[in-house]
Amino acid sequence: KRLGQFLLNRVEQMSAGASLQNSRSQIEGDLGPFATHFFATICLGQMMGESVHVERYRQALNRLEKYISSNQKRDGSWGSDAWAPLLATACGWVALRAANFAGISVSGSSEKAGDYLIRNMPQIGRAWGSGSWYHRLYGTAAGLRVLYAQGRDDDKKAKTALGDILALVESNNRAFGGAGGEEYLTFHYMTEMLMQKGGQEWVRWYPTVRDKLIKVQNRDGSWTGHHCITSRTFSTACALMTLSAPHRFLPISQA
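As the structure is a computational prediction, the values presented were derived from the model and not from experiment.

Structural notes on the overall build of the protein
1) Next: Within the protein, the secondary structure is distributed over twelve helices and zero strands.
2) Next: Written out in order from the N terminus, the α and β elements of the protein read α-α-α-α-α-α-α-α-α-α-α-α.
3) Next: In terms of overall dimensions, the protein is globule-like: its C-alpha atoms have a radius of gyration of 17 Å, near the 18 Å expected for 255 residues.
4) Next: Per-residue burial for the protein yields a buried fraction of 53% across its 255 residues.
5) Next: Taking the contacts inside the protein whose residues are at least 6 apart along the sequence as the reference set, 70% of them involve residues at least 24 apart.
6) Next: Of the roughly 11,800 Å² of accessible surface on the protein, 51% is carried by carbon and sulfur atoms.

Given below as C-alpha coordinates:
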(Lines give C-alpha, C1' and ligand atoms only; values in the text may rest on other atoms or scores of the structure.)
Protein backbone atom coordinates (compact mmCIF):
# COMPACT_ATOMS: atom_id res chain seq x y z
CA LYS A 1 0.00 0.00 0.00
CA ARG A 2 2.75 2.48 0.94
CA LEU A 3 4.73 1.63 -2.20
CA GLY A 4 1.67 2.25 -4.34
CA GLN A 5 1.08 5.62 -2.69
CA PHE A 6 4.72 6.57 -3.20
CA LEU A 7 4.62 5.73 -6.91
CA LEU A 8 1.27 7.44 -7.44
CA ASN A 9 2.55 10.61 -5.77
CA ARG A 10 5.65 10.62 -7.98
CA VAL A 11 3.62 10.19 -11.16
CA GLU A 12 1.14 12.88 -10.14
CA GLN A 13 3.94 15.33 -9.36
CA MET A 14 5.83 14.58 -12.58
CA SER A 15 6.22 17.58 -14.82
CA ALA A 16 6.30 17.24 -18.59
CA GLY A 17 9.50 15.51 -19.64
CA ALA A 18 10.65 14.99 -16.06
CA SER A 19 12.08 11.94 -14.39
CA LEU A 20 10.22 10.27 -11.56
CA GLN A 21 13.35 10.73 -9.44
CA ASN A 22 15.00 13.85 -8.09
CA SER A 23 18.35 12.93 -9.60
CA ARG A 24 19.47 10.65 -12.40
CA SER A 25 19.74 7.09 -11.18
CA GLN A 26 22.23 4.43 -12.17
CA ILE A 27 19.42 2.47 -13.82
CA GLU A 28 18.48 5.47 -15.99
CA GLY A 29 22.13 5.82 -16.93
CA ASP A 30 22.17 2.26 -18.24
CA LEU A 31 18.62 1.70 -19.51
CA GLY A 32 17.96 5.27 -20.58
CA PRO A 33 15.92 8.20 -19.21
CA PHE A 34 12.59 6.35 -19.40
CA ALA A 35 13.60 3.32 -17.31
CA THR A 36 11.83 4.50 -14.15
CA HIS A 37 8.67 5.16 -16.17
CA PHE A 38 8.81 1.63 -17.60
CA PHE A 39 9.14 -0.05 -14.21
CA ALA A 40 6.58 2.23 -12.55
CA THR A 41 4.08 1.32 -15.27
CA ILE A 42 4.65 -2.41 -14.81
CA CYS A 43 4.36 -2.14 -11.03
CA LEU A 44 1.25 0.07 -10.96
CA GLY A 45 -0.42 -2.07 -13.62
CA GLN A 46 -0.05 -5.10 -11.35
CA MET A 47 -1.03 -3.27 -8.17
CA MET A 48 -4.16 -1.63 -9.59
CA GLY A 49 -6.27 -4.74 -9.08
CA GLU A 50 -5.38 -4.85 -5.39
CA SER A 51 -6.53 -1.30 -4.61
CA VAL A 52 -9.92 0.33 -4.07
CA HIS A 53 -8.50 3.52 -5.62
CA VAL A 54 -8.72 2.15 -9.14
CA GLU A 55 -9.40 5.50 -10.79
CA ARG A 56 -6.27 7.05 -9.30
CA TYR A 57 -4.19 4.16 -10.61
CA ARG A 58 -5.85 4.46 -14.02
CA GLN A 59 -5.05 8.16 -14.24
CA ALA A 60 -1.42 7.54 -13.28
CA LEU A 61 -1.10 4.74 -15.85
CA ASN A 62 -2.67 6.94 -18.52
CA ARG A 63 -0.09 9.62 -17.79
CA LEU A 64 2.79 7.16 -17.89
CA GLU A 65 1.53 5.59 -21.10
CA LYS A 66 1.32 8.95 -22.85
CA TYR A 67 4.86 9.84 -21.75
CA ILE A 68 6.33 6.49 -22.80
CA SER A 69 4.49 6.38 -26.12
CA SER A 70 5.37 9.96 -27.03
CA ASN A 71 9.07 9.19 -26.55
CA GLN A 72 9.14 6.05 -28.69
CA LYS A 73 11.40 6.48 -31.70
CA ARG A 74 10.19 6.01 -35.26
CA ASP A 75 12.06 2.69 -35.45
CA GLY A 76 10.10 1.45 -32.42
CA SER A 77 12.92 1.80 -29.88
CA TRP A 78 13.58 3.78 -26.72
CA GLY A 79 17.29 3.01 -26.75
CA SER A 80 19.08 5.96 -28.33
CA ASP A 81 20.06 7.36 -24.93
CA ALA A 82 20.70 3.99 -23.30
CA TRP A 83 23.86 1.98 -22.80
CA ALA A 84 21.79 -1.16 -23.41
CA PRO A 85 19.33 -0.13 -26.14
CA LEU A 86 17.88 -3.57 -26.83
CA LEU A 87 17.18 -4.28 -23.18
CA ALA A 88 15.80 -0.75 -22.72
CA THR A 89 13.42 -1.28 -25.62
CA ALA A 90 12.35 -4.65 -24.21
CA CYS A 91 11.47 -2.88 -20.94
CA GLY A 92 9.44 -0.31 -22.88
CA TRP A 93 7.69 -3.07 -24.79
CA VAL A 94 6.80 -4.91 -21.56
CA ALA A 95 5.60 -1.63 -19.98
CA LEU A 96 3.20 -0.86 -22.84
CA ARG A 97 1.80 -4.37 -22.70
CA ALA A 98 1.37 -4.07 -18.92
CA ALA A 99 -0.57 -0.82 -19.37
CA ASN A 100 -2.72 -2.40 -22.06
CA PHE A 101 -3.44 -5.46 -19.91
CA ALA A 102 -4.57 -3.05 -17.17
CA GLY A 103 -7.14 -1.58 -19.55
CA ILE A 104 -5.20 1.47 -20.71
CA SER A 105 -5.42 2.53 -24.36
CA VAL A 106 -1.89 2.49 -25.78
CA SER A 107 -0.84 4.83 -28.57
CA GLY A 108 2.74 3.57 -28.80
CA SER A 109 3.49 0.63 -31.04
CA SER A 110 4.36 -2.61 -29.33
CA GLU A 111 4.59 -4.14 -32.83
CA LYS A 112 7.29 -1.67 -33.92
CA ALA A 113 9.19 -2.24 -30.68
CA GLY A 114 9.01 -5.98 -31.22
CA ASP A 115 10.17 -5.66 -34.84
CA TYR A 116 13.10 -3.48 -33.71
CA LEU A 117 14.17 -6.06 -31.11
CA ILE A 118 13.92 -8.98 -33.50
CA ARG A 119 15.66 -7.10 -36.32
CA ASN A 120 18.61 -6.14 -34.08
CA MET A 121 18.80 -9.38 -32.14
CA PRO A 122 22.48 -10.43 -32.00
CA GLN A 123 23.74 -13.90 -32.78
CA ILE A 124 25.03 -14.94 -29.38
CA GLY A 125 26.66 -18.23 -30.40
CA ARG A 126 27.41 -21.10 -28.03
CA ALA A 127 30.87 -19.92 -27.02
CA TRP A 128 31.48 -16.92 -24.82
CA GLY A 129 34.22 -15.54 -27.01
CA SER A 130 35.77 -12.17 -26.29
CA GLY A 131 34.31 -8.70 -25.89
CA SER A 132 31.07 -7.69 -24.23
CA TRP A 133 29.43 -11.08 -23.79
CA TYR A 134 26.73 -9.54 -21.61
CA HIS A 135 25.56 -7.31 -24.49
CA ARG A 136 25.01 -10.40 -26.61
CA LEU A 137 23.31 -12.26 -23.79
CA TYR A 138 20.67 -9.70 -22.87
CA GLY A 139 20.27 -8.46 -26.44
CA THR A 140 19.45 -11.98 -27.56
CA ALA A 141 17.13 -12.56 -24.60
CA ALA A 142 15.26 -9.30 -25.33
CA GLY A 143 14.50 -10.40 -28.88
CA LEU A 144 13.61 -13.89 -27.71
CA ARG A 145 11.10 -12.53 -25.20
CA VAL A 146 9.25 -10.82 -28.06
CA LEU A 147 9.37 -13.83 -30.39
CA TYR A 148 7.78 -15.99 -27.70
CA ALA A 149 5.11 -13.39 -26.92
CA GLN A 150 4.21 -13.30 -30.61
CA GLY A 151 3.78 -17.07 -30.64
CA ARG A 152 6.89 -17.49 -32.79
CA ASP A 153 8.75 -19.84 -30.46
CA ASP A 154 9.06 -22.40 -33.29
CA ASP A 155 10.76 -19.79 -35.47
CA LYS A 156 14.29 -20.94 -36.44
CA LYS A 157 15.77 -17.73 -35.01
CA ALA A 158 13.99 -18.28 -31.68
CA LYS A 159 15.09 -21.91 -31.44
CA THR A 160 18.69 -21.04 -32.21
CA ALA A 161 18.73 -18.18 -29.69
CA LEU A 162 17.18 -20.27 -26.91
CA GLY A 163 19.59 -23.13 -27.55
CA ASP A 164 22.52 -20.72 -27.39
CA ILE A 165 21.38 -19.16 -24.10
CA LEU A 166 20.69 -22.53 -22.49
CA ALA A 167 24.13 -23.79 -23.54
CA LEU A 168 25.82 -20.71 -22.14
CA VAL A 169 24.16 -20.75 -18.71
CA GLU A 170 24.69 -24.50 -18.38
CA SER A 171 28.34 -24.46 -19.45
CA ASN A 172 29.79 -22.44 -16.55
CA ASN A 173 29.08 -19.74 -13.98
CA ARG A 174 30.33 -16.77 -15.98
CA ALA A 175 26.87 -15.24 -16.49
CA PHE A 176 26.24 -15.47 -12.74
CA GLY A 177 29.55 -14.71 -11.07
CA GLY A 178 30.03 -11.70 -13.34
CA ALA A 179 26.38 -10.63 -13.59
CA GLY A 180 25.32 -7.01 -13.61
CA GLY A 181 21.79 -5.75 -13.10
CA GLU A 182 21.08 -6.29 -16.79
CA GLU A 183 21.77 -10.01 -16.50
CA TYR A 184 19.60 -10.31 -13.40
CA LEU A 185 16.78 -8.63 -15.33
CA THR A 186 17.44 -11.01 -18.23
CA PHE A 187 17.13 -14.00 -15.90
CA HIS A 188 13.73 -12.67 -14.79
CA TYR A 189 12.45 -12.14 -18.34
CA MET A 190 13.67 -15.56 -19.48
CA THR A 191 12.14 -17.26 -16.43
CA GLU A 192 8.78 -15.56 -16.96
CA MET A 193 8.85 -16.50 -20.64
CA LEU A 194 9.81 -20.15 -20.19
CA MET A 195 7.48 -20.71 -17.24
CA GLN A 196 4.55 -19.79 -19.50
CA LYS A 197 5.85 -22.10 -22.24
CA GLY A 198 6.73 -25.07 -20.01
CA GLY A 199 8.23 -28.22 -21.47
CA GLN A 200 11.82 -29.42 -21.59
CA GLU A 201 13.27 -25.92 -22.00
CA TRP A 202 11.72 -24.87 -18.69
CA VAL A 203 13.00 -28.04 -17.03
CA ARG A 204 16.50 -27.24 -18.27
CA TRP A 205 16.35 -23.52 -17.49
CA TYR A 206 14.88 -23.06 -14.05
CA PRO A 207 16.85 -25.54 -11.89
CA THR A 208 20.10 -24.34 -13.48
CA VAL A 209 19.38 -20.64 -12.96
CA ARG A 210 17.94 -21.22 -9.48
CA ASP A 211 20.96 -23.15 -8.22
CA LYS A 212 23.53 -20.81 -9.77
CA LEU A 213 21.77 -17.69 -8.47
CA ILE A 214 21.71 -19.12 -4.96
CA LYS A 215 25.44 -19.86 -5.15
CA VAL A 216 26.29 -16.21 -5.83
CA GLN A 217 23.94 -14.78 -3.19
CA ASN A 218 25.72 -12.62 -0.62
CA ARG A 219 25.76 -13.60 3.04
CA ASP A 220 23.40 -10.73 3.88
CA GLY A 221 20.83 -12.11 1.42
CA SER A 222 21.49 -9.64 -1.39
CA TRP A 223 22.91 -10.03 -4.90
CA THR A 224 25.64 -7.79 -6.28
CA GLY A 225 25.76 -6.31 -9.76
CA HIS A 226 29.35 -6.63 -10.95
CA HIS A 227 29.22 -4.21 -13.86
CA CYS A 228 27.04 -1.43 -15.30
CA ILE A 229 23.98 -1.63 -13.00
CA THR A 230 25.79 -2.46 -9.78
CA SER A 231 22.85 -1.59 -7.51
CA ARG A 232 22.28 -4.36 -4.99
CA THR A 233 18.66 -3.29 -4.62
CA PHE A 234 17.94 -3.68 -8.34
CA SER A 235 19.93 -6.91 -8.69
CA THR A 236 18.33 -8.44 -5.60
CA ALA A 237 14.81 -7.53 -6.74
CA CYS A 238 15.38 -9.18 -10.13
CA ALA A 239 16.95 -12.27 -8.55
CA LEU A 240 14.03 -12.64 -6.14
CA MET A 241 11.46 -12.33 -8.94
CA THR A 242 13.35 -15.03 -10.82
CA LEU A 243 13.57 -17.40 -7.86
CA SER A 244 9.98 -16.88 -6.70
CA ALA A 245 8.37 -17.09 -10.14
CA PRO A 246 7.16 -20.74 -9.77
CA HIS A 247 5.34 -19.80 -6.55
CA ARG A 248 3.33 -17.19 -8.50
CA PHE A 249 3.38 -14.59 -5.73
CA LEU A 250 3.19 -11.96 -8.49
CA PRO A 251 1.11 -12.09 -11.67
CA ILE A 252 3.12 -12.81 -14.78
CA SER A 253 2.53 -10.89 -17.96
CA GLN A 254 0.35 -12.52 -20.58
CA ALA A 255 2.12 -14.36 -23.37
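Notes on the packing of aromatic side chains
1) Next: In this structure the tally under the stated criterion is six aromatic pairs.
2) Next: Relative to F187, the ring of Y184 lies with its centre 6.1 Å away and its plane at 90 degrees, an arrangement referred to as edge-to-face. Of this pair, Y184 and F187 both sit in helix α10 (residues 181-197), three residues apart, which is roughly one turn of the helix. Exposure class is identical for Y184 and F187. Each is buried.
3) Next: Linked through ring pairs, F176, Y184 and F187 together constitute an aromatic cluster.

Examining α10
1) Next: For α10, spanning 17 residues, the distance from its first C-alpha to its last is 25 Å, which sits close to the expected 24 Å at 1.5 Å a residue.
2) Next: Within α10, 15 of the 17 residues are buried, which leaves the element mostly enclosed by the surrounding structure.
3) Next: After α10 finishes, the residue G198 shows a positive phi value of roughly 70 degrees.

Topic: the nonpolar core
1) Next: If you look at the biggest cluster of nonpolar residues, it comprises 83 residues, and the most contacted ones within it are L31, L44, L144, I165, M190 and W205.
2) Next: Ranked by the residues each element gives to this core, the list is headed by helix α7 (residues 133-149), at eleven residues.
3) Next: Filtering out sequence-adjacent residues up to four positions away, L44 remains in contact with G4, L7, L8, V11, Y57, A60, L61 and L64.

Description of unusual backbone geometry
1) Next: Even without being glycine, C228 reaches a positive phi, approximately 55 degrees.
2) Next: Within the secondary structure, C228 is located in the loop between α11 (199-215) and α12 (232-244).

Things to note about the packing of helix α3 (residues 35-47) against helix α5 (residues 85-101)
1) Next: In contact at an axis separation of 8 Å, α3 and α5 are set at 30 degrees when each is read in the N-to-C sense. On the basis of their axis angle, the class for α3 and α5 is roughly parallel. Here α3 and α5 pass one another in a crossing that is left-handed. When α3 is examined against α5, the residues F38, F39, T41 and I42 are found in contact with a partner set consisting of A88, C91, G92, V94, A95, A98 and A99.
2) Next: The residue makeup of the contact of α3 with α5, split by class, is nine nonpolar, two polar and no charged.

Points about the state of the cysteines
1) Next: Scanning all chains against the criterion turns up zero disulfides.
2) Next: Looking at the unpaired C43, the closest cysteine sulfur is the one in C238, lying at 13 Å.
3) Next: Summary of cysteine pairing: C91 is not part of a disulfide, and the nearest cysteine sulfur, belonging to C238, is at 8.6 Å.

Some remarks on the pattern of salt bridges
Where charged atoms from two side chains of opposite charge come close, those side chains can pair.
1) Next: Counted under the stated rule, the structure contains eight salt bridges.
2) Next: Residue R145 pairs with E192 through a salt bridge whose shortest N-O separation is 3.2 Å. Within this pair, whereas R145 is found in helix α7, its partner E192 is found in helix α10, the two being separated by 47 residues in sequence. Residue R145 shares its accessibility class with E192, and that shared class is buried.
3) Next: Across the pair R232 and D220 runs a salt bridge, and its minimum N-O distance is 3.3 Å. Of this pair, R232 sits in helix α12 while D220 sits in the loop between α11 and α12, and the two are twelve residues apart along the sequence.
4) Next: Overall, D220 belongs to the exposed group, its relative accessible area being 58%.

Conventions and cut-offs
Residues numbered from 1 in each chain as written. Predicted model: local features only at pLDDT ≥ 70, side-chain atom pairs only at ≥ 80, totals over all residues. Heavy atoms only, no water. Helix = DSSP H or I, 4+ residues; strand = E, 2+ residues; numbered from the N terminus. Rg over C-alpha atoms; globule rule 2.2 N^0.38 Å. Buried < 20%, exposed > 50% of the residue type's maximum accessible area, 1.4 Å probe, protein only. Contact = heavy atoms within 4.5 Å. Areas by Shrake-Rupley, 256 points an atom, 1.4 Å probe, with all protein chains shown as cover. Phe/Tyr/Trp six-rings, centres within 6.5 Å; stacked < 30°, edge-to-face > 60°. Expected span 1.5 Å × (residues − 1). Core = buried A, V, L, I, M, F, W, Y, C linked by side-chain atoms within 4.5 Å. Axes fitted to C-alpha atoms, helices over the stretch in contact; angles between N-to-C directions. Parallel < 35°, antiparallel > 145°, perpendicular 65-115°, else oblique. Left-handed = near helix turned anticlockwise from the far one by under 90°. Nonpolar A, V, L, I, M, F, W, Y, C, P; charged D, E, K, R; others polar. Disulfide = S-S within 2.5 Å. Salt bridge = Lys/Arg side-chain N within 4 Å of Asp/Glu carboxyl O.

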